[in-house]
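Chain by chain, the residues:
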Amino acid sequence: MGEAAKRKKKKKKPKKKKVEQGVPPRTGLSKIFTDGIYPEGEIQEYKDDNNWRTTSEEMRYNERMVLEDPELTYQNIRRAAEVHRLVRKHARKTIRPGMSMTEIANLIEDGTRALVEEEGLESGIGFPTGLSLNNCAAHYTPNAGDTVVLQKEDVLKVDIGVHVKGRILDSAFTLNFEPTYDTLIEAVKAATDTGVRESGIDVRLGEIGAAIQETMESYEVEVGGKVYPVKSIENLSGHSINLYQIHGGKSVLLVKNDDQTKMEEGEYFAIETFGSTGRGRVIESGDCSHYAKIIDAPHVPLRLQSAKTLLKSITKNFGTLPFCRRYLDRAGETKYLLAGIVQDYPPLVDTKGSMTAQFEHTILLRPTVKEVVSRGDDY
Ligand code: HZT
Ligand code: MN
Ligand code: MN
């Protein structure tokens with residue numbers, strides 16, 4: 001063997017076992033990404049008169065310098081995103097008609113808790129798993145005793161939240177088991193991609209709504225010989241996301257509007273769109289499952305000792321993160337009364353018999369590029 005070949009030949013080192021993800025995925029990601037570096041999401045250049053941000057050598061240098069400090073990098077949101085991709089991949093493969101909504105919620109949440117290595121308020125579930133069916137667009141998750149079973153005709157929105165140190169990854173997709181509503185799903189996927197593409201630093205929120213609506217409403221769905229125009233749901237919206245705060249204060253409507261508010265550098269947004277074969281408007285209806293502490297609520301003196309201790313438990317377990325009744329049950333709370341101490345988020349439904357679909361990504365407006373953190377090979 002020549003000298004070059006000798007050097008190339010690997011020395012037999014005591015090999016460290018490469019840790020792999022299992023089925024179902026249960027290996028905490030710190031065991032796999034041992035250097036603490038997680039994959040970047042999809043990178044999109046800024047458009048038009050903002051493309052200088054992407055091309056400027058100075059801007060790129062500045063961001064590179066900032067990223068030298070691991071505490072200032074985007075590793076928390078990327079770790080949450082990697083958890084999301086693994087959990088949803090397993091969910092997609094496993095969710096079948098005949099499963100109960102509770103089984104589906106547990107499948108997803110057991111995966112999230114294990115992969116994100118749930119630890120108090122340091123890392124865990126970002127908000128209750130949305131499992132909204134058919135004309136219900138958002139904010140349904142089963143409560144204890146729920147008897148709903150997934151049917152083959154159902155259109156299911158799966159909305160999963162993961163957080164690492166308060167950085168919340170909010171991303172959702174739609175599943176069906178028959179082709180009837182394939183076009184509705186395609187329309188909403190395209191509309192969300194439009195929302196993501198149009199987002200950027202200094203872009204006005206109203207313009208993004210118009211672009212989303214234009215894409216969404218270029219589709220129609222034929223069901224049983226009748227043609228339904230796909231409508232953007234006019235009273236749902238995407239939103240900015242702050243630390244431990246799912247709704248950061250800015251809303252991105254899904255229809256044309258005059259909101260002149262601009263997106264800003266460094267902001268995180270959940271870009272989500274909902275399409276419907278119904279009115280394109282939701283109302284609150286049905287048993288509430290989702291709740292969250294009101295973030296800037298003035299201190300309200302509670303008269304009942306039971307309400308005081310419940311609120312203390314909510315603060316300890318969830319802080320300002322949204323939670324559901326099932327999470328209170330597993331924290332050992334019983335016979336709780338939530339009215340008046342927290343904000344409720346009831347299920348949001350369009351007209352009876354209509355179908356709704358949703359796609360949602362979390363994006364980060366970095367100084368030089370837009371990062372679609374939650375992008376995967378599925379949506
Ligand atoms: C509220 C409660 C939750 C935020 C959007 C959303 C699921 O409709 C401003 C714009 C979880 C999230 C939220 F438990 N909502 N994204 N994913 N729901 S929202 C909203 O209330 S407030 C949109
Ligand atoms: Mn969501
Ligand atoms: Mn959202």
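Further up the page is the structure itself.
Residues numbered from 1 in each chain as written. Chains lettered and ligands numbered in written order. Predicted model: local features only at pLDDT ≥ 70, side-chain atom pairs only at ≥ 80, totals over all residues. Heavy atoms only, no water.

Caption draft 1: View of the sheet that holds strand β14 (residues 323-324). Ordered by their spatial adjacency, 3 strands build an open sheet running β14-β13-β15, and the pairing between neighbours is antiparallel. Whereas interior strands pair on both sides, the edge strands pair on one side only; in this sheet they are β14 and β15 (343-345). (Pairing = 2+ DSSP bridges. Helix = DSSP H or I, 4+ residues; strand = E, 2+ residues; numbered from the N terminus.)

Caption draft 2: Structural view of the coordination of the manganese ion (ligand 3). On the protein side, the manganese ion (ligand 3) has D170 (OD), H239 (NE2), E272 (OE) and E360 (OE) as donor atoms, found 2.1 to 2.2 Å from it. A separation of 3.3 Å is found between the manganese ion (ligand 3) and the manganese ion (ligand 2), which are bridged by D170. Here the residue E272 occupies a position in strand β11 (residues 268-276), and E360 occupies one in strand β17 (residues 356-365), the gap between them amounting to 88 residues. When its relative accessible area of 0% is taken as the criterion, E360 is described as buried. (Donors = N, O, S within 2.8 Å, 3.2 Å for Na, K, Ca; no water. Buried < 20%, exposed > 50% of the residue type's maximum accessible area, 1.4 Å probe, protein only.)

Caption draft 3: Examining the site of ligand 1 more closely. Taken together, 16 residues lie near ligand 1, and H139, D159, H247, E272 and P322 sit nearest. H139 places a side-chain nitrogen or oxygen 2.7 Å from a nitrogen atom of ligand 1. Between D170 and ligand 1, the recorded distance is 3.2 Å, taken from a side-chain N or O atom to a nitrogen atom. In isolation ligand 1 offers 490 Å² of accessible surface; the protein chains occlude 89% of this area. At the level of secondary structure, the elements contributing two or more residues to the shell around ligand 1 comprise β2 (123-133) and β9 (237-241). (Near = heavy atom within 4 Å. Polar contact = N/O pair within 3.5 Å; in protein donor to acceptor, adjacent residues only side chain to side chain. Areas by Shrake-Rupley, 256 points an atom, 1.4 Å probe, with all protein chains shown as cover.)

Caption draft 4: Quick peek at the sheet that holds strand β12 (residues 283-284). The antiparallel open sheet is built from 3 strands, whose spatial order is β3-β16-β12. Lying at the two open borders of the sheet, with one neighbouring strand each, are β3 (136-138) and β12. When β3 meets strand β16 (residues 348-349), the two strands line up antiparallel, connected through 2 bridges. The residue bridging A138 from the neighbouring strand is L348, located in β16.

Caption draft 5: Region of interest: the environment of L337. Its location among the elements puts L337 in the loop between α9 (325-330) and β15. Overall, the relative accessible area of 65% leaves L337 in the exposed class. Along the backbone, L337 and S306 are 31 residues apart, and their C-alpha atoms lie at a distance of 8.6 Å.

Caption draft 6: Spotlight on the side chain of Q75. Within the element layout of this structure, Q75 appears in helix α4 (residues 75-94). For Q75, a relative accessible area of 12% gives the class buried. For Q75, the side chain forms a polar contact with the main-chain nitrogen of Y38, separated by 2.8 Å.

Caption draft 7: Just the side chain of T112, in detail. Note that T112 resides in helix α5 (residues 101-115). Here T112 falls in the buried class, since its relative accessible area comes to 2%. Setting aside chain neighbours within four positions, we find T112 in contact with V83, V87, E117, G124, I125, I160, G161 and V162. (Contact = heavy atoms within 4.5 Å.)

Caption draft 8: Structural detail: the packing of α4 against α5. Orientation of α4 relative to α5, taken along the N-to-C sense of each, is 150°, at an axis distance of 9 Å. As judged from the angle between their axes, α4 and α5 are roughly antiparallel. In this structure, the crossing between α4 and α5 has a hand that is right-handed. Of the residues in α5, those in contact with V83, L86, V87, H90, A91 and T94 of α4 are L107, I108, G111, T112 and L115. Taken together, the residues of the contact of α4 with α5 break down into 7 nonpolar, 4 polar and no charged. (Axes fitted to C-alpha atoms, helices over the stretch in contact; angles between N-to-C directions. Parallel < 35°, antiparallel > 145°, perpendicular 65-115°, else oblique. Left-handed = near helix turned anticlockwise from the far one by under 90°. Nonpolar A, V, L, I, M, F, W, Y, C, P; charged D, E, K, R; others polar.)

Caption draft 9: Up close: the environment of L86. With respect to the helices, strands and loops of the structure, L86 is situated in helix α4. In this structure L86 comes out as partly exposed when scored by relative accessible area, which is 22%. With 65 residues separating them in the primary sequence, L86 and Q21 have C-alpha atoms 9.1 Å apart. Aside from chain neighbours lying at most four places away, what touches L86 is Q21, P25, L29 and L115.

These values are about where atoms sit, not about what they do.
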